[in-house]
Amino acid sequence: MKPKMNVEVDFSIIIPAYNEQDYIGSVLDRLFDAIVKIKNLTGEVIVVDNNCSDQTAILAKEKGAIVVFEPINQISRARNAGACVANGKYLIFVDADTLVSNELLLFSLHKLESGKCGGGGSTVVFDSNQNRFFFGSFMPYFWSWISKTFKLAAGSFIFCDKQLFFEAECFSEKLFAGEEILFSINYKKRCKERGLTFDIIKDFPVVTSSRKLAWFNPFQILITILMPLFFPWVLRSKRFCSFWYRRP
């Protein structure tokens with residue numbers, strides 16, 4: 001997979017989307033608001049229509065995003081498709097149900113611009129506990145602890161250098177879940193080779209939808225966090241992941 005080499009902007013924000021019409025509008029509003037407030041750097045937003053059957057692509061275009069189509073439903077393919085058309089030197093991956101603060105976007109770009117940091121992610125909080133008080137609070141805290149301790153970026157927000165992204169072989173299209181864990185491991189190696197850090201930002205957590213608490217039971221959520229760390233080979237099975245992580 002080869003990147004497009006025509007650099008017209010400084011950074012590209014890539015959003016993989018599958019039937020996200022209820023979220024994409026507010027997510028894009030927040031991102032465009034942040035972009036216009038950043039001085040000396042220009043950015044673009046790319047929404048990857050991952051075979052949507054709702055109004056996601058139409059809403060994204062109306063908001064001013066670049067929309068590209070990826071017909072095969074797989075988040076790795078969607079993210080990679082966005083990266084291949086991105087014009088920016090830096091890539092920022094954001095989930096379609098995740099709100100990114102102005103401060104986080106600016107701080108991430110400053111880190112990349114410093115020449116000392118190769119990329120990273122941020123901690124995560126849910127927008128609601130879905131009346132599941134323990135797991136609604138414990139799960140994002142537990143993941144954030146893993147993320148900070150092992151330097152692993154959550155898929156909801158990842159920032160990186162485009163050249164290093166392709167050198168790290170993008171997001172694995174052999175995995176059907178947990179692809180951000182493998183990417184973090186591969187990308188950290190490239191950073192280390194160049195004396196760059198891979199940082200998890202804790203001061204400005206992203207706010208992501210708590211709908212996963214309604215989709216999955218606590219055991220499924222816990223396994224979702226732990227399996228990529230200890231049993232990544234299982235995630236190569238499309239049949240297993242389609243069953244285990246299926247959306248309602």
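Residues numbered from 1 in each chain as written. Predicted model: local features only at pLDDT ≥ 70, side-chain atom pairs only at ≥ 80, totals over all residues. Heavy atoms only, no water.

Caption draft 1: Focus on the sheet that holds strand β6 (residues 117-126). Taken in spatial order, the 8 strands make up an open sheet running β3-β2-β1-β4-β7-β6-β8-β5, and their pairing is mixed. Where the open sheet ends on each side, the last strands, each with one partner, are β3 (66-69) and β5 (98-99). Inspection of the sheet shows β6 paired to strand β8 (residues 197-208) by 8 bridges, in the parallel sense. Looking across to β8, one finds that V125 is bridged to V207. Along the sheet, helix α1 (residues 24-36) contacts β1 (11-17), β2 (43-49) and β5; its crossing angle with β1, the most-contacted strand, is approximately 175°. (Pairing = 2+ DSSP bridges. Helix = DSSP H or I, 4+ residues; strand = E, 2+ residues; numbered from the N terminus. Contact = heavy atoms within 4.5 Å. Axes fitted to C-alpha atoms, helices over the stretch in contact; angles between N-to-C directions.)

Caption draft 2: Seen up close, unusual backbone geometry. Its identity as a non-glycine residue notwithstanding, N19 has a phi of 50°, on the positive side. Assignment of secondary structure puts N19 in the loop between β1 and α1. Backbone geometry at N51 places phi at a positive 70°, although glycine is not the residue there. By the secondary structure assignment, N51 is in the loop between β2 and α2 (56-63). Residue class for N51 comes out partly exposed when judged on its relative accessible area of 33%. (Buried < 20%, exposed > 50% of the residue type's maximum accessible area, 1.4 Å probe, protein only.)

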